[in-house]
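Survey of secondary and tertiary structure
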Amino acid sequence: MPGIKVDKGLVPLPGSNNESWCQGLDGLASRSAEYYKQGARFAKWRTVVSIPCGPSALAIKEAAWGLARYAAISQDNGLVPIVEPEILLDGDHPIERTLDVAERVWAEVFYYLAQNNVVFEGILLKPSMVTPGAEHKNKASPETIAEFTLKMLKRRVPPSVPGIMFLSGGQSEVEATLNLNAMNQSPNPWHVSFSYARALQNSVLKTWQGRPENVEASQKALLVRAKANSQAQLGRYTGEDESDEAKKGMFVKGYTY
Ligand SMILES: O=P(O)(O)OC[C@H]1O[C@](O)(COP(=O)(O)O)[C@@H](O)[C@@H]1O
């Protein structure tokens, strides 16, 4: 099923603490109607929140309001909105701080989604997992990350939302898969799955290197990651036979797409 990214990217947010906001609401209704005519059935809007930069109340409000307006406009034009306030991994804070920020962000997102009469049954969420900051002295186990992430989601996300598709945010391929698997060890109110970029594509791109002779090997590499994550969204991933490459962290400070 085709979908389309409809935001117009991140720009500095005046009056904030070096934070950003996501553009793209002007003309979105007519663009969305056109995308629907061309066959699109879902849309994506990614905004970011930075913990080391605050996050300021202004940045959270702007992120939440933008996502809610986008979601309402998408539904009005027949598109299922993917709601993605990415809380960046940057920072040396403990996992408790990420939990606190994630709860604040998702509270505002759902407040404004409701104010904009968005139909919760017709959205998908794309959250960051609740982890310690990437530069924190200690790493958390998949069980701890699952516990904190599910605690946050259960406190903030109504069961009418059908699906939660995590982003990977700079975790290694194996970490992202293990964490997803840990979240699916018991039933959740929503389908808990993945929408990774880096944690699905990294070893594939490294295998391919743009060379025609590597196409088959890179297709196999993609199948390995797709199968691993497919197992993880059922809670059946064992983590066996993973390559060293797949275990390498991909966090880059201040990473931008
Ligand atoms: O293209 P966008 O909307 O700026 O987002 C960049 C990337 O961030 C994601 O939403 C999440 O990516 P990661 O899994 O690498 O964190 C991807 O789906 C997307 O390609």
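Residues numbered from 1 in each chain as written. Predicted model: local features only at pLDDT ≥ 70, side-chain atom pairs only at ≥ 80, totals over all residues. Heavy atoms only, no water.

Test applied: UniProt positions are given in the numbering used here, feature names are shortened, and annotations may be inferred rather than shown by experiment.
Looking at an unreviewed UniProt entry, the chain carries the name Fructose-bisphosphate aldolase, with the source organism given as Acorus calamus. UniProt lists a comment for the chain under the heading Pathway (unreviewed entry), and it reads "Carbohydrate degradation; glycolysis; D-glyceraldehyde 3-phosphate and glycerone phosphate from D-glucose: step 4/4." The record in UniProt for the chain states the following under Catalytic activity (unreviewed entry): "beta-D-fructose 1,6-bisphosphate = D-glyceraldehyde 3-phosphate + dihydroxyacetone phosphate".

A short note on the overall build of the chain
Using the following cut-off: Here a helix means four or more residues in a row that DSSP labels H or I, a strand means two or more in a row labelled E, and each is numbered from the N terminus. Put simply, the radius of gyration uses C-alpha atoms, and a globule should come to 2.2 Å times the residue count raised to 0.38. Relative accessibility decides the category of a residue: with a 1.4 Å probe and only protein chains considered, values under 20% of the type maximum give buried, values over 50% give exposed, and everything between is partly exposed. Should any heavy atoms of two residues lie within 4.5 Å, those residues are counted as being in contact. Using a 1.4 Å probe, the Shrake-Rupley method yields the accessible areas, and only the shown protein chains count as cover for residues.
A tally of regular secondary structure across the chain gives eight helices and eight strands. A compact globule built from 257 residues would reach a C-alpha radius of gyration of about 18 Å, and the chain, at 18 Å, matches this within 12%. Summarising its shape, the C-alpha atoms of the chain cover approximately 50 × 45 × 35 Å along the three principal directions. Across the 257 residues of the chain, 49% fall into the buried class. If you take every contact in the chain between residues at least 6 apart in sequence, the share linking residues at least 24 apart comes to 77%. For the chain, the exposed surface amounts to about 12400 Å²; the carbon and sulfur share of it is 54%.

Some points on the site of the ligand
Applied cut-off: Here a residue is considered near a molecule or strand provided that any single heavy atom belonging to it is located within 4 Å of it. Counting of polar contacts relies on pairs of N or O atoms within 3.5 Å, with two restrictions inside protein: one atom must be capable of donating a hydrogen and the other of accepting it, and residues adjacent in sequence are counted only when both atoms are side-chain atoms.
Residues in contact with the ligand, as listed here, are Lys5, Lys44, Arg46, Glu84, Lys126, Leu167, Ser168, Gly169, Tyr196, Ala197, Arg198 and Tyr257. Here an oxygen atom of the ligand and a backbone polar atom of Gly169 are 2.7 Å apart. One nitrogen or oxygen atom from the main chain of Ala197 is found 2.8 Å from an oxygen atom belonging to the ligand. Coverage of the ligand by the protein chains reaches 84% of its 460 Å² of free accessible surface.

A few points about empty space enclosed by the protein
Going by this rule: Here the term cavity refers to a set of points on a 1 Å grid, laid over the protein atoms alone, in which a 1.4 Å probe fits but cannot get out; the term pocket refers to an open set having protein on both sides within 12 Å along at least five of seven lines, with lining residues being those that place an atom within 4 Å of a point. Grid points are joined across faces, edges and corners, and a volume is the space filled by probe spheres set on the points. Note that Gly is not counted as nonpolar here; it falls among the polar residues with everything else outside the nonpolar set of Ala, Val, Leu, Ile, Met, Phe, Trp, Tyr, Cys and Pro and the charged set of Asp, Glu, Lys and Arg.
A complete count under the given rule lists three cavities of 30 Å³ or more for this structure. Considering only enclosed or pocket space, the largest cavity measures out at about 80 Å³ in volume. What lines the largest cavity is simply Arg46, Glu86, Leu88, Leu89, Asp90, Gly169, Arg198, Phe251, Val252, Gly254 and Tyr255. In terms of residue class, the lining of the largest cavity is made up of five nonpolar, two polar and four charged.

Structural notes on the sheet that holds strand β8 (residues 191-194)
Strand pairing in a sheet relies on backbone hydrogen bonds. The paired strands run either parallel or antiparallel. Short version of the rule: Note: two strands are recorded as paired if DSSP finds a minimum of 2 bridges between them.
What the six strands build is an open sheet, ordered β1-β4-β5-β6-β7-β8; its pairing is parallel. Each of the sheet's edge strands pairs with one partner strand only, and the pair in question is β1 (3-5) and β8.

Topic: the packing of helix α4 (residues 142-156) against helix α5 (residues 173-183)
Our working rule: Helix axes are fitted only over the stretch in contact, all axes being lines through C-alpha atoms; the angle between N-to-C directions runs from 0 to 180 degrees. In what follows, roughly perpendicular refers to angles from 65 to 115 degrees, roughly parallel to angles under 35, roughly antiparallel to angles over 145, and oblique to any angle outside these ranges. Crossing handedness is read from the near helix: turned anticlockwise from the far helix by less than a right angle, it gives a left-handed crossing, and turned clockwise, a right-handed one.
It is at 8 Å that the axes of α4 and α5 come closest, and there the two elements cross at 60 degrees. In terms of orientation, α4 lies oblique with respect to α5. α4 and α5 meet at a crossing whose hand is right-handed. Contact residues: α4 offers Pro142, Glu143, Ile145, Ala146, Thr149 and Leu150, while α5 offers Leu178, Asn179, Ala182 and Met183.

Side note on the pattern of salt bridges
Basically, it comes down to this: Any carboxyl oxygen of Asp or Glu that lies within 4 Å of a side-chain nitrogen of Lys or Arg is treated as forming a salt bridge with it.
Within the structure shown, the criterion is met by 12 salt bridges. Note that Asp100 and Arg97 form a salt bridge whose closest N and O atoms lie 3.7 Å from each other. Of this pair, Asp100 and Arg97 are both found in helix α3 (residues 95-115), three residues apart, which corresponds to roughly one turn of the helix. The exposure class of Asp100 is partly exposed, given its relative accessible area of 36%. Arg156 serves as the salt-bridge partner of Glu103, at 3.9 Å between the closest nitrogen and oxygen. One end of the pair, Glu103, is in helix α3; the other, Arg156, is in helix α4, with 53 residues separating them in the sequence. When its relative accessible area of 29% is taken as the criterion, Arg156 is described as partly exposed.

A look at the environment of Asn77
Its place among the elements puts Asn77 in the loop between α2 (57-76) and β5 (80-87). Residue class for Asn77 comes out buried when judged on its relative accessible area of 18%. Measuring from C-alpha to C-alpha, the distance between Asn77 and Met165 comes to 22 Å, with 88 residues separating the pair along the chain. Separated by 2.9 Å, the side chain of Asn77 and the backbone oxygen of Ile73 make a polar contact.

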